[in-house]
Amino acid sequence: MTDSDPRRQLLLELLQAGLAAVDGRRRTADTLKALIPIATPVRYHVAAVGKAASAMALGAHDALGDGILRTLVIAKDGHLEAGVRNLPGAEVIESSHPMPDERSLAAGQRLVEFVAQMPAQVMPVLLISGGASSLVEVLAPGATLQDLRTLNATGLASGEDIAALNARRRSISVLKGGGLTAHLKGRAALALFVSDVPGDDPAVIGSGILGPVPAAAAGPDDRVTRRIIARIEDAMQAVSARAADLRTWISDARFAGDAERLAVRLTHELYLSGAQVCIWGGESVVRLPPNPGRGGRNQHLALAAARLIAGEEDLLFLAAGTDGTDGPTADAGALVDGETCARVTVAGLDVERSLLAADSQSALAAAGDLVHTGPTGTNVGDLAVGLKLSTAQARSWYERNPGVHARVR
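Treat the numbers as computed from the prediction; the structure is a model and nothing was measured. (Residues numbered from 1 in each chain as written. Predicted model: local features only at pLDDT ≥ 70, side-chain atom pairs only at ≥ 80, totals over all residues. Heavy atoms only, no water.)

## Structural notes on the sheet that holds strand E1 (residues 43–49)
The strands that make up a sheet are held in pairs by hydrogen bonds between backbone atoms, and each pair lies either parallel or antiparallel.
Part 1 of the reasoning: Overall, parallel pairing links the 6 strands, which are arranged E3-E2-E1-E4-E5-E6 in an open sheet. On the outer flanks of this sheet lie strand E3 (90–95) and strand E6 (224–230), each paired with one strand and no other. Sheet twist, expressed as the mean angle between neighbouring strand axes with direction ignored, is 15°.
Part 2 of the reasoning: Note that strand E4 (residues 122–129) and strand E5 (residues 189–194) share 5 bridges and pair parallel. Bridged to Ser129 within E5 is Val194.
Part 3 of the reasoning: Sitting on the sheet, helix H3 (residues 53–64) touches E1, strand E2 (68–76), E4, E5 and E6, and the angle it makes with E2 is about 160°. (Pairing = 2+ DSSP bridges. Helix = DSSP H or I, 4+ residues; strand = E, 2+ residues; numbered from the N terminus. Axes fitted to C-alpha atoms, helices over the stretch in contact; angles between N-to-C directions. Contact = heavy atoms within 4.5 Å.)

So, in structure tokens, the structure goes:
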């Protein structure tokens, strides 16, 4: 597959449409404008935590302007948007993800201090997106950073379900599981969430740092108003809309579980569907061998799918993380077709060995099939799109639906 293949361009434009629909800056600004009357004389302190933190902070300033007195942004390394450091009254901290480090503990302590120091007359606006679990932490008495890192490492390597991993994280944390809510001490606050978890539950997003305080914990009333402002279904609907007059099918359930098994299911649905575009959302897992290679769950899913559609001229498959990263890599995912495995072989690599070694990135780089978006300003989980279309049909679609080329490669 080459860059001149219009089907590749089409899939990348569909991805871009999905990302635009869940853009953290726009969704935050739109939500705050709808919730807060323009003439409201209230002043605000804003704290934003997660992979989409800087985008959400910019959106808050777009909506509330001079009403914001101070802003704390805690984001993943490399995920700061242009201009966020220049926001009035802004304090910006870059922290570690997916593995927490000393900066995570310092950022967690700073977040607690920021909330505690808010004057009584300001309204707290708290912006949370996926990644917050690793970026900020305050450990329970007796717990150590090594305990936290070991828990994360074993959970990620085993492919543990995110809900189960978050429950174990909460066991050694005083910040997760409603801990930040408790630090508000009953004061009214507004919390907006970009969700990357099944069920879009504030008690789970970011390991629940702004979820309800457990009923068993004594404390003041919970007066946090919570709103989910972006989720994977929003991206999926936008992909379908961008596909215009193509026949589309949207999965009604989020995918989860082992990436290789999911590749079998998703490619089977693509084969059998009467649709030309199949759209899925969710989050897979990969069980890592000792000394794994490079790659992430979306690259692993895409490479496993490439093995199953090998030789099929009209089938293509894209899997990407909506945050623009995939595991420890800077690539969002991959876009594969019926010739991907052949290109990997010509490059002197073996698809089966790459999957066994969790080294999907090497194989996909050799095939020219990696997708790179850079940080996207959102994080609603993973998006997968299957295309069943000939090159001639794709060219015809472009003649009917001219559009701006996607800014991804």
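## Structural notes on the pattern of salt bridges
Oppositely charged side chains can pair when the atoms bearing their charge come close.
Part 1 of the reasoning: Scanning all chains against the criterion turns up 27 salt bridges.
Part 2 of the reasoning: Residue Asp234 is joined to Arg27 by a salt bridge in which the shortest nitrogen-to-oxygen separation is 3.4 Å. Highlighted residues: Asp234 in helix H9 (residues 232–242) and Arg27 in helix H2 (residues 24–35), separated in sequence by 207 residues.
Part 3 of the reasoning: Overall, the relative accessible area of 23% leaves Asp234 in the partly exposed class.
Part 4 of the reasoning: One salt bridge connects Glu137 with Lys176, and the closest N-O pair in it is separated by 2.6 Å. Residue Glu137 is found in the loop between helix H5 (132–135) and helix H6 (145–158), and its partner Lys176 is found in the loop between helix H7 (162–170) and helix H8 (179–183); the two are separated by 39 residues along the sequence. We note that Glu137, like Lys176, is buried. (Salt bridge = Lys/Arg side-chain N within 4 Å of Asp/Glu carboxyl O. Buried < 20%, exposed > 50% of the residue type's maximum accessible area, 1.4 Å probe, protein only.)

## Re the environment of Ala263
Part 1 of the reasoning: Secondary-structure assignment places Ala263 in helix H10 (residues 259–272).
Part 2 of the reasoning: Along the primary structure Ala263 and Asn86 are separated by 177 residues, whereas in three dimensions their C-alpha atoms are 44 Å apart.
Part 3 of the reasoning: Residues within four places of Ala263 in sequence aside, it is in contact with Leu301, Ala304, Ala305 and Leu308.

## Quick look at the pairing of strand E9 (residues 277–285)
Part 1 of the reasoning: Counting buried positions along E9 gives 8 out of 9 residues, so the element sits mostly inside the fold.
Part 2 of the reasoning: In this structure, strand E7 (residues 248–250) lies alongside E9, joined through 3 bridges in parallel fashion. Pairing of Trp249 across the sheet is with Cys278, part of E9.
Part 3 of the reasoning: Pairing of strand E8 (residues 255–258) with E9, which is carried by 4 bridges, proceeds in the parallel orientation. For Gly257, the partnering residue across the bridge sits in E9 and is Ser284.
Part 4 of the reasoning: The β-α-β motif built from E8, the intervening H10 and the parallel element E9 has right-handed crossover chirality.
Part 5 of the reasoning: Here 6 bridges tie E9 to strand E13 (residues 382–388), and the two strands are oriented antiparallel to one another. Note on E13: the bridge partner recorded for Ile279 is Val385. (Right-handed = clockwise from strand over helix to strand, strands pointing away.)

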